[in-house]
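Okay, here's what each chain looks like letter by letter:
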Amino acid sequence: MKSTFLSVLALAVISTATAQDHGGHMGGMKSNLPTMPADMPRWINSPGADHLFYKAAPYNWAINRIPAFARDMYGTGVGHAMAYETLVTGRKDQLETRIFDSINRVLQNPPRNPVDEVALSPTFFRKYGYLEKVFDWAHILHFQTIDVFTHPGWTDAQKEAEIEKLWQFYSAQPYAITGLPMNMEYLDSFPYSMRFRTNYPKVNALFWGYHWLQTVNYDMLFRVPVQDQAAQYEVLGAQYRTTELYKIRDFMPMTAEMSPRFAKRFPMIANAFDNLHMLHDNVNDILASDELSESQKRDQVKIAIYRVLASTHVDEEPGSGEDAPGTLHDHRHAPSTPGMGYMKGMEDDVMFMSGMGWMDMSACAHCSIPLPDGPMWGATVTADGWTMMVRCLMCARDMAAETPGRAIIRAATEDPSKILILISDEEGNLTSNIPGVVFLEEFGEHPECSAWSRAFTSKAAFEQFQKGNPEMKEAKPLSLEAWVQLNQGTPETYRKIDKPNPYKSDGANGGGK
Amino acid sequence: MRTRLVILGVLVAGSAFATDHNNIDSGRPLRFDDAYSIAFRERAIELGLKFDTFRRSSPSYGLKAEYKVGFAKNQDIGIGFEPSYSTSDRRGDVGNVELSYFNGLRREIDNTPALAYRVDVGLPTGRGSRGADVRFRGIVTKTVGQYDRLHLNLDLTTSTQKTAGERQATAGLTVGYTKPLGYPTQFDRTLVAQFGIDQSRDTSRGWVGNVGLGIRQQMGVRSVLDFGIEADVFSSKGRNPAGLRFAVGYSVGF
């Protein structure tokens, strides 16, 4: 039956197959190019479209509860698709001009519905269809995790259990990207690496700008009541559209940088997103490398996929790889941050963050005192495109006040189920998602700041805390209006890490906040 | 029996991402398919309404409801129902039940087109229907230019029960054309067009040529509204071609 059908089709096909590979010169890269592994998964050569549907669930497309966020996310489907199509159709000269304008126009006027990337880049996907399977499947994970967090009616525990299930659902397919931390310096060390960001910095800024959006949103949503999510996006969306899309960065935004709380809870997902984004960068670089022949480009894209597939790292553990640093199987991570692989120049918890300089991720970004271990957390501050963890409310407030522009403070209260969201305007005035919030601030030694600088959901909760902590019995509950007037300045414990920027060859100082 | 042919030709279960405006199902709104199944684990419902025809004083109305499941990678099955009402007869008909199977053999790779086939079985549940119809359709999809696509559908249809004056088997060929509209600023609309020739089951008639034009408009993340118009434009022998057919439909995936 099948053979008869194929015979009929053979007469009817519109055009016959011809190889796309026109050969090409072997550039100077040849000797250093990664070689095809012997255990390349068989699916990569499968001719089927193999489209997969997302997990059926009541939360699907709950992202639309925050319309501006949903539209910005839908717009992100356009950028790489347009750029890839441009590169494979020989129009690279238009990338930084006409194509930049086209992508930018869509990102600034995003669509109301998701965009079919294959339809936008048909030539690219005819050549690299196997890549679509990896991208699509990871993008589905992206959207479904967001949908879970934006879904009303579920407890945080239910949502986190569902995220775990989604990860299993995702990991069951051969196209799944590993959730292990990967050495980012290694993944960015090939002969073609950095080609795209060097030759096409404006378009690359758009890509990394929306990778910022795709990673910063998780702390906006994680353990945040759905009614408190949209207000944060007013700040983040404006930052995204006015600044982040055009920022020239040293390196792509990492999930644990932008959403540290989420990355601590779901390190495997944070790692998978970073590995996905690095795969995007690898593909950008390969396509932008004119020295590579068509055949070499195809091989290198396959090898780049292979590097980040879960099937390449079976039975390997997070943190392993000390015996093979800087290789494919280097899965070390910063001790405090299992959701991020080793970065260029990283030493234990000290890493270089684009725009912030060298930071110790195990310490409060404001007072440099180590963050407490375990689930207890103080607060995070999101401002000017970065997100930092701090030990206490005082550090959060003062750090936000030091930073121009609007800020979001997310902080623990005495009730683990109630997160405090403070959003500042341009003048530093704060609004709270908890109307009756009161604060404790009995200024003392910084190493104990998380004990004497806290937030409570009500005055009654404050008084209950005092009963269990007699040393605070004289403290007065501070209203938001009174508390925001305080400012203790830069703590004397703060230590700036002064080292050169590892991404600059001229020894430029790493700077700092 | 001719009624059943129309059902098979226009309203059988479709292919591709039923709920993406870029992916084309037969009947939604024209009669051709592209070479892609719905996604593995996707379920889709398609609802359609057709009017046939504007020229007559007493048109008939048909409703189509179809349910599809992507039960494996590149494969889906479907069941469709088509109740109808004829204003001339002043009565309705539950219509036939259509079962379908779609298999996407390969995606488009380099210059080689995407290939698929589908098998549809029309069960004689409608008033006056006898025997089952089986249609085999081969499908080729090929990109032309930057974004436009051509879809070649080759049909072979046979019936388990033939009466005098009917052909045992018939053939048909449809060339479909799809063009996304609005690029690079809008991404939610596709123009569809077709030209087809179908061999009539009625031996007194020969080949009937038809043309069609329509739009698929994305409405929500997984829903598409479509509308289209078809007309028979020539007949190689026998009576003149029939008039216009108008179809509007709504598809949703979940």
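A short note on the overall build of chain A
- A count of helical and extended segments in chain A gives 19 helices and 11 strands.
- Its C-alpha atoms give chain A a radius of gyration of 24 Å, within 12% of the compact-globule value 24 Å for 513 residues.
- Here the C-alpha coordinates of chain A stretch approximately 90 × 50 × 45 Å along the principal axes.
- Partitioning the contacts of chain A with sequence separation of at least 6, the portion at a separation of at least 24 is 70%.
- Total accessible area computed for chain A in this model is approximately 19900 Å², and 52% of it derives from carbon and sulfur atoms.

Details of unusual backbone geometry
- A cis geometry characterises the amide bond from Arg28(B) onward to Pro29(B), with omega recorded as -5 degrees.
- Structurally, Pro29(B) can be placed in the loop between α1 (2–10) and β1 (43–52).
- Between Tyr183(B) and Pro184(B) the backbone carries a cis peptide bond, its omega angle lying at 5 degrees.
- Summarising the element assignment, Pro184(B) is placed in the loop between β10 (169–181) and β11 (189–199).
- Although it is not a glycine, Met194(A) sits at a positive phi angle of roughly 70 degrees.
- By the secondary structure assignment, Met194(A) is in the loop between α8 (184–187) and α9 (195–199).
- Residue classification places Met194(A) among the partly exposed residues on the basis of a relative accessible area of 35%.
- Despite not being glycine, Asp315(A) shows a phi value in the positive range, around 70 degrees.

Regarding the interface of chain A and chain B
- Counting residues at the interface gives 56 residues for chain A and 47 residues for chain B.
- Between chain A and chain B lies a buried interface of about 4100 Å² when both sides are counted; carbon and sulfur atoms form 63% of it.
- With a closest N to O distance of 3.0 Å, Asp110(B) and Arg298(A) form a salt bridge.
- Our count for the chain A to chain B interface comes out at 14 residue pairs in polar contact (both at pLDDT 80 or more).
- For the side of chain A that touches chain B, the secondary structure elements donating two or more residues are α1 (2–12), α2 (67–88), α3 (95–108), α4 (117–120), α5 (122–127) and α6 (129–150) of chain A.
- The dominant element in the side of chain A that touches chain B, judged by the number of residues it contributes, is α1(A), at 6 residues.
- Of the residues that constitute the side of chain A that touches chain B, the class distribution is 32 nonpolar, 14 polar and 10 charged.

Quick word on the pairing of strand β2 (residues 337–341) of chain A
Residues and elements named next belong to chain A.
- Burial of β2 is extensive: 4 of the 5 residues sit out of reach of the surface.
- Pairing analysis gives 2 bridges linking strand β1 (residues 333–334) to β2, with the strands arranged antiparallel. Counterpart to Ala334 in the pairing with β2 is Thr337.
- Two successive antiparallel strands, β1 and β2, enclose a turn made up of 2 residues.

A short note on the domain arrangement of chain A
Residues and elements named next belong to chain A.
- Under the domain assignment, chain A is made up of domain 1 (31–334) and domain 2 (350–484).
- With centres defined by C-alpha atoms, the gap from domain 1 to domain 2 works out at 32 Å.
- On the domain 2 side, the residues contacting the 24 residues of domain 1 number 19 residues.
- Among the residues of domain 1 in contact with domain 2, Val235, Glu257 and Arg261 are the three that bury the most area, contributing 30% of the side total.
- Here domain 1 and domain 2 share 0 salt bridges between them.
- Put simply, domain 1 and domain 2 have 6 residue pairs in polar contact (both at pLDDT 80 or more) between them.
- Counting residues per element, the ones that place at least two in the side of domain 1 that touches domain 2 are α10 (201–221), α11 (229–242), α12 (255–258) and α13 (260–265).
- Sort the elements by how many residues they give to the side of domain 1 that touches domain 2 and α11 lands first, with 5 residues.
- For the side of domain 1 that touches domain 2, the residue count by class is 12 nonpolar, 2 polar and 10 charged.

Thresholds, definitions, all that
- Residues numbered from 1 in each chain as written.
- Chains lettered and ligands numbered in written order.
- Predicted model: local features only at pLDDT ≥ 70, side-chain atom pairs only at ≥ 80, totals over all residues.
- Heavy atoms only, no water.
- Helix = DSSP H or I, 4+ residues; strand = E, 2+ residues; numbered from the N terminus.
- Rg over C-alpha atoms; globule rule 2.2 N^0.38 Å.
- Contact = heavy atoms within 4.5 Å.
- Areas by Shrake-Rupley, 256 points an atom, 1.4 Å probe, with all protein chains shown as cover.
- Buried < 20%, exposed > 50% of the residue type's maximum accessible area, 1.4 Å probe, protein only.
- Buried area = accessible area lost by both parts, 1.4 Å probe.
- Salt bridge = Lys/Arg side-chain N within 4 Å of Asp/Glu carboxyl O.
- Polar contact = N/O pair within 3.5 Å; in protein donor to acceptor, adjacent residues only side chain to side chain.
- Nonpolar A, V, L, I, M, F, W, Y, C, P; charged D, E, K, R; others polar.
- Pairing = 2+ DSSP bridges.
- Domains from an automatic or database assignment.

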